[in-house]
Amino acid sequence: MQDRIREREREREREMSGGIVEVKEHKDGEENMAAWLVGIKTLKIEPYHLPPLGPHDVKVQIKALGICGSDVHHFKNMRCANFIVKKPMVIGHECAGIIEEVGSQVKTLAVGDRVALEPGISCRRCNLCKDGRYNLCPEMKFFGSPPTNGSLANKVVHPEYLCFKLPDNVSLEEGAMCEPLSVGVHACRRANISPETNVLIVGAGPIGLIVLLAARAFGAPRIVIVDVDDCRLSIAKNLGADETIQVSTNIQDVCEEVVKLQSAMGSGIDVSFDCVGLNKTMSTALNATRSGGKVCLIGLAQSETTVPLTPATVREVDVIGIFRYRNTWPLCIELLKTGKIDVKPLITHRFGFSQKGVEDAFETSASGRSAIKVMFNL
């Protein structure tokens with residue numbers, strides 16, 4: 001009974017604080033440090049006081065954390081789409097670590113277990129959660145998405161059910177990569193990718209490359225990927241793309257480029273994934289996809305876009321969106337365990353957890369260029 005009362009009190013604290021609870025409790029006098037986003041391109045490593053450990057929670061020592069494109073948007077602009085940073089916030093959400101402490105009712109995990117963390121805590125009460133679409137929960141508290149603090153810290157407290165034990169042959173870095181891989185897996189599920197699906201991927205950034213790996217694992221027989229950057233296209237080719245095509249940034253070139261894409265595919269483009277989210281990339285995907293095909297929108301580069309929907313409508317091209325993911329960690333871990341997907345080549349840069357390391361890592365990730373996935377080792 002006392003455990004249930006404490007759990008309810010803790011939930012009320014979280015709801016009142018937007019998921020941020022500062023309670024000055026430290027084990028053995030240790031001070032938990034985290035990377036706080038305090039202003040545009042300004043990160044500071046400062047103390048981070050964790051919420052108390054609830055009966056169904058675990059305390060995790062974070063050991064690996066990757067920088068996501070949304071982290072970079074927050075870093076550069078103090079916002080990502082409609083998520084605005086209004087006060088100092090711990091950044092980061094792609095993470096894995098080692099269990100340090102478990103709550104009194106934790107049954108499936110033990111101290112010392114290596115785990116990958118799913119970063120979003122849904123309410124589990126609304127109709128969307130009850131229907132299984134918890135990624136759309138309006139009360140979602142997501143690591144590093146304002147106002148909820150993230151996980152670029154020595155330690156975090158997280159619910160047991162969102163921590164997934166890693167097999168011995170899956171590293172902590174690979175565990176952290178389950179988060180971006182989940183985006184690709186969720187997209188492929190939404191688009192019903194199968195061995196009968198020819199796939200076009202627009203954008204060879206980190207998510208475009210992840211979608212490439214996921215689509216191949218789902219059985220896509222032919223994958224064409226396009227980008228403006230020949231360096232990233234070279235990486236895509238090495239990862240198994242059947243064809244790579246360099247395109248321009250000029251929207252006037254869409255019609256000409258679509259002919260090239262369709263020719264490169266050799267048959268109808270069944271599904272196009274837009275992993276960028278610009279007017280031009282969406283127009284390319286909509287025009288290139290065969291009649292009766294699908295366009296899956298993943299990238300969120302612009303909050304508003306102008307695209308040629310009418311021609312796509314009369315060709316019955318289905319347009320579907322995705323937001324984050326749901327129920328993907330077990331499959332991601334299985335794909336990594338069996339070797340059906342290898343995410344290690346995507347990790348191009350590694351940094352330690354220090355003031356200089358954090359600054360250099362985010363500058364490297366924000367610069368683009370040769371950086372695909374920038375990883376912290378804590």
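Everything numeric here is computed off the predicted structure, so don't read it as measured data.

1. Overview of the overall build of the protein chain
For the protein chain, the helix and strand inventory stands at 12 helices and 20 strands. Its C-alpha radius of gyration of 21 Å places the protein chain within 12% of the 21 Å reference for a compact globule of 378 residues. In terms of its C-alpha atoms, the protein chain occupies a principal-axis envelope of roughly 65 × 45 × 40 Å. Counting all 378 residues of the protein chain, 53% fall into the buried class. For the protein chain, the exposed surface amounts to about 16600 Å²; the carbon and sulfur share of it is 50%. Between the mean site of the 45 positive side-chain charges and the mean site of the 45 negative ones, the protein chain shows a separation of 2 Å.

2. Focus on the packing of aromatic side chains
For the structure shown, the criterion picks out five aromatic pairs. On the basis of an interplanar angle of 45° and a centroid distance of 5.3 Å, the ring pair of Phe75 and Phe362 is categorised as tilted. Residue Phe75 is found in helix H2 (residues 69–77), and its partner Phe362 is found in helix H12 (residues 355–367); the two are separated by 287 residues along the sequence. Each member of the pair, Phe75 as well as Phe362, is classed as buried. Pairing Phe362 with Phe376 gives two aromatic rings, centres 6.3 Å apart and planes at 40°, and the pair type is tilted.

3. Some details on the environment of Glu179
Secondary-structure assignment places Glu179 in helix H5 (residues 178–190). Using a relative accessible area of 5% as the deciding quantity, one classes Glu179 as buried. Along the chain, Glu179 and His73 lie 106 residues apart, while their C-alpha atoms are 17 Å from each other. Those residues within four positions of Glu179 in sequence are excluded, and the remaining contacts are His93, Glu94, Pro119, Phe142, Tyr325 and Trp329.

4. Regarding the nonpolar core
In this structure, Ile193, Ile201, Phe273 and Ile298 are the most contacted members of the largest nonpolar core, which totals 60 residues. When contributions to this core are tallied by element, the ones reaching two or more residues are helix H4 (172–176), H5, strand S13 (198–202), helix H6 (206–217), strand S14 (222–227), helix H7 (230–238), strand S16 (271–274) and helix H11 (329–337). Per-element tally for this core: the top contributor is H6, with seven residues. Those residues in contact with Phe273 that sit more than four places away from it in its chain are Ala187, Cys188, Ala191, Ile193, Val199, Leu200, Ile201, Val202, Val211, Cys296 and Ile298.

5. Section: the packing of H6 against H7
When two helices pack together, you describe them by how their axes are tilted relative to each other and by the distance separating the axes. Packing of H6 against H7 brings their axes to within 10 Å, and their N-to-C directions diverge by 20°. Looking at the two axes, H6 sits roughly parallel to H7. Between H6 and H7 the crossing geometry is right-handed. Residues Pro206, Leu209 and Leu212 of H6 pack against Arg232, Ile235 and Ala236 of H7. By residue class, the composition of the contact of H6 with H7 is five nonpolar, no polar and one charged.

6. Quick word on the packing of helix H8 (residues 254–265) against helix H9 (residues 279–288)
Two elements in contact, H8 and H9, have axes whose closest approach is 9 Å; the angle formed by their N-to-C orientations is 50°. Between H8 and H9, the angle falls in the class oblique. Here H8 and H9 pass one another in a crossing that is right-handed. Contacts between H8 and H9 involve Val254, Glu257, Val258, Leu261 and Gln262 from the former and Lys280, Ser283, Thr284, Asn287 and Ala288 from the latter. Across the contact of H8 with H9, the residue classes tally to four nonpolar, four polar and two charged.

7. Points about the side chain of Glu257
Residue position: Glu257 is located in helix H8. Given the relative accessible area of 8%, Glu257 is considered buried. Apart from residues lying up to four places away in sequence, Glu257 is in contact with Val247, Ser248 and Lys280.

8. Section: the sheet that holds strand S1 (residues 33–39)
Read across the open sheet, the three strands follow the order S2-S1-S6; overall the sheet is antiparallel. Of all the strands in the sheet, just strand S2 (42–47) and strand S6 (89–90) have a single pairing partner and so form its edges. Sheet analysis places S1 next to S2, joined by six bridges and oriented antiparallel. Along S2, the bridge assignment pairs Gly39 with Thr42. Of the strands in this sheet, S1, S2 and S6 touch H2, which is tilted by about 50° from S1.

9. Details of the sheet that holds S14
Read from one edge of the open sheet, six strands run S15-S14-S13-S16-S17-S18, paired in parallel fashion. Unpaired on one side and paired on the other, strand S15 (243–246) and strand S18 (318–321) mark the two borders of the sheet. Across the sheet, the mean angle from the axis of one strand to that of its neighbour is 20°, orientation sign disregarded. Pairing of S13 with S16 involves four bridges; the strand directions are parallel. From the neighbouring strand, Leu200 faces S16, where its bridge partner is Ser272. Contacts between H7 and the sheet are confined to S14 and S15, with S15 contributing the most and set at about 175° to the helix.

10. Describing unusual backbone geometry
Across the junction of Pro146 and Pro147, the peptide omega takes the value 10°, indicating a cis bond. Tracing the backbone shows Pro147 in the loop between strand S10 (141–142) and strand S11 (155–159). Positive phi outside glycine occurs at Lys41, with the angle close to 55°. Classification of Lys41 by relative accessible area gives partly exposed; the value is 46%. Backbone geometry at Arg124 places phi at a positive 65°, although glycine is not the residue there. The residue Arg124 is located in the loop between strand S9 (120–121) and helix H3 (127–130) in this model.

11. What about the confidence of the model for the protein chain?
Per-residue pLDDT for the protein chain averages 91, and the proportion of residues at 70 or more is 92%. A low-confidence stretch, residues 1–28 (pLDDT under 50), is modelled with 45 contacts involving residues beyond four sequence positions or located in other chains.

Scoring rules and cut-offs
- Residues numbered from 1 in each chain as written.
- Predicted model: local features only at pLDDT ≥ 70, side-chain atom pairs only at ≥ 80, totals over all residues.
- Heavy atoms only, no water.
- Helix = DSSP H or I, 4+ residues; strand = E, 2+ residues; numbered from the N terminus.
- Rg over C-alpha atoms; globule rule 2.2 N^0.38 Å.
- Buried < 20%, exposed > 50% of the residue type's maximum accessible area, 1.4 Å probe, protein only.
- Areas by Shrake-Rupley, 256 points an atom, 1.4 Å probe, with all protein chains shown as cover.
- Lys, Arg positive; Asp, Glu negative; His and termini not counted.
- Charge placed at Lys NZ, Arg CZ, Asp CG, Glu CD.
- Phe/Tyr/Trp six-rings, centres within 6.5 Å; stacked < 30°, edge-to-face > 60°.
- Contact = heavy atoms within 4.5 Å.
- Core = buried A, V, L, I, M, F, W, Y, C linked by side-chain atoms within 4.5 Å.
- Axes fitted to C-alpha atoms, helices over the stretch in contact; angles between N-to-C directions.
- Parallel < 35°, antiparallel > 145°, perpendicular 65-115°, else oblique.
- Left-handed = near helix turned anticlockwise from the far one by under 90°.
- Nonpolar A, V, L, I, M, F, W, Y, C, P; charged D, E, K, R; others polar.
- Pairing = 2+ DSSP bridges.
- pLDDT = per-residue confidence, 0-100.

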